[in-house]
Amino acid sequence: MRGPELKAADRDRFFARLGRSGLGLLEYSGGATLLLGQTLRGVLSSPARRWGQALQQLERVGWQSLPVVAFMSFFIGMAVAFQISYQMHKLAFAADLYLPSFAALMILREIGPVLTGLIIAGRVGAASAAELGTMRISGQIDALRALASNPVRYLVVPRLAALCLGLPLLTLYADAIGLAGGYLVGTTQLALSPTLYWQMSARLITSPDLFTGLIKALVFAVIIATISSFEGLRARGGAKGVGRATTRAVVISFVLIIAADALFTAAFYAIGG
Amino acid sequence: MPSVAEPEQVIEVRALHKAFGGQAVLRGVDLQVRPGETLGILGASGSGKTVLLKHLNGLLRPDAGQVWIAGQEITRLSEARLGPIRLQLGMLFQEAALFDSLSVGRNVGFALYEHTKLSREQIERRVRDCLAQVGLAGSEQLRPVELSGGMKKRVGLARALALQPRILLYDEPTSGLDPAGRAQINGLIRRLQRELEVTAVLVTHDIESARQVSDRLALLHRGRIVLSAPPQEFFRSAAPELREFWGEREQPWNIIQA
């Protein structure tokens, strides 16, 4: 049996640990927010030559991600169409008619932006954290500062700009391909007429659903740019430290993207968007 | 040799303290460097030489104490305010710290592209001159990954020279080089002193290199400068800290490095 003193010690240790992780969390979010603030200020005061670097980053974000985004969106679009049709048949009404609009809603509001955000966090966020982390541990960040350049403006601003432009565009692309996946299932497996399918989804494409999804994509872009840069710039401890920073950048971006998605969805429905 | 009549110091460090995670590294460093002088700071590995050097251009902020560069106190300046001062200080990093996403030419011309309104042709000419100065003429198109350790350091030096700084900071300029590479770097440092009349601070544990290029030597020991004198006098000193530092040379690791 444990004495009451031991329990008290346990409790103290528990609270100490809780306090430490609370402080750590505050420190982390404070640091990341500060970096975001500096980056946004940097965006406003960036000289024109930064756009060249942003374009270079955009190529990495956008162009090179097209194939993987296409594959995943297409198959998810098909899976969504099957699921919706199957569930609705269980409810026993002539449900296939509703498939196009339900599938479009799911894809435009949720699957398009979230899936694209996760892919880009894994592809571009990881690469970015690893690159900045390597620069940090090899002294290149110090060298930038010694040459009177601001690492945030030189390295983070172009990344943020590229992601904020590239992720919504990629989301549009993912939306289109996801809808095509649903269309394929709807017209071949469920015998909906192509014209009808197209009419039913086209109505939604002009609705707030599309816009809502793109706003989410923009928020995810800010999350990915901020977290991957923050993790990269504070990497320490050699190659291992770079690996750690990269992993953390991806995991934390994933968690924040999903959390932000839930919050935004709730907020959009609350304000009637 | 600097004129004794002009007492103004280019670099002055007063009572500098710095600790990392409760571990005191600098415990009250005092230091002066006169115009045109080359000061070599010797110290054992891990004695805080690089930490001290990084305070001279504001890469690190002290816990206490002051750093004066050309009559201006820099420890409380913002990063933006430090910019113009950093442009007067060229720094050669220990591992050269070249930007590996940029070509050699872009590395050397980096500060010129970023901070001057010079035309592309003017910058390219300046880059060519700087690379020629370090014996790497025509290497503009190479990538840093294609270079040997000694070449990287020379490109790093060319990058530091591009803006014609008044002060040069060398962090272990000869570490990791073979004897030929070391001789080459030492020769370069000496030539730059003669031709450009820059003020320089060099931190190293390479005693021979420090002796060859310095006007004055200082010993950093347990976070303080414990000895500072012209080379001849420095090596005749009977200070126990110096003997301890010499003793460190007998360690196998240092013999391998030497």
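Residues numbered from 1 in each chain as written. Chains lettered and ligands numbered in written order. Predicted model: local features only at pLDDT ≥ 70, side-chain atom pairs only at ≥ 80, totals over all residues. Heavy atoms only, no water.

Colleague: Help me understand the interface of chain B and chain A in this model?
Modeller: Interface size, as often reported, equals the accessible area lost upon joining of the parts. With 21 residues of chain B in contact, the opposing surface of chain A contributes 15 residues. Surface buried jointly by chain B and chain A totals about 1,600 Å² across both partners, of which 54% is contributed by carbon and sulfur atoms. If you sort the residues of chain B by the area they bury against chain A, L59, F99 and E114 of chain B come out on top, with a joint share of 31%. Our count for the chain B to chain A interface comes out at two salt bridges. Residues E79 of chain B and R145 of chain A are paired through a salt bridge, measuring 2.9 Å at the closest nitrogen-oxygen approach. Linking chain B to chain A there are eight residue pairs in polar contact (both at pLDDT 80 or more). The set of elements that each furnish at least two residues to the side of chain B that touches chain A consists of α2 (79-86) and α4 (110-115) of chain B. (Contact = heavy atoms within 4.5 Å. Buried area = accessible area lost by both parts, 1.4 Å probe. Salt bridge = Lys/Arg side-chain N within 4 Å of Asp/Glu carboxyl O. Polar contact = N/O pair within 3.5 Å; in protein donor to acceptor, adjacent residues only side chain to side chain. Helix = DSSP H or I, 4+ residues; strand = E, 2+ residues; numbered from the N terminus.)

Colleague: Honestly, the sheet that holds strand β2 (residues 23-33) of chain B in this entry has me stumped. Any pointers?
Modeller: Strand pairing in a sheet is mediated by backbone hydrogen bonds. Such pairs are either parallel or antiparallel. Residues and elements named next belong to chain B. Strand order in the open sheet made by the four strands is β2-β1-β4-β5, with antiparallel pairing throughout. Edge strands, defined here as strands with exactly one partner in the open sheet, are β2 and β5 (72-73). Here two bridges tie strand β4 (residues 64-69) to β5, and the two strands are oriented antiparallel to one another. Across the sheet, I69 pairs through a bridge with Q72, a residue of β5. Helix α1 (residues 49-56) contacts β1 (11-20), β2 and β4 of the sheet and is inclined by roughly 125° relative to β1. (Pairing = 2+ DSSP bridges. Axes fitted to C-alpha atoms, helices over the stretch in contact; angles between N-to-C directions.)

Colleague: I keep staring at the sheet that holds strand β9 (residues 216-221) of chain B and nothing clicks. Help me out?
Modeller: Residue and element names in this part refer to chain B. Here six strands make up an open sheet; going across it, the order is β6-β7-β8-β3-β9-β10 and the pairing mixed. The sheet is open, and its two borders are formed by β6 (89-92) and β10 (224-229), each paired with just one other strand. With direction set aside, neighbouring strand axes in the sheet form an average angle of 20°. In the packing of α1 onto the sheet, the strands contacted are β3 (38-42), β6, β7 (167-171), β8 (199-204) and β9, and the crossing angle to β8 comes to about 155°.

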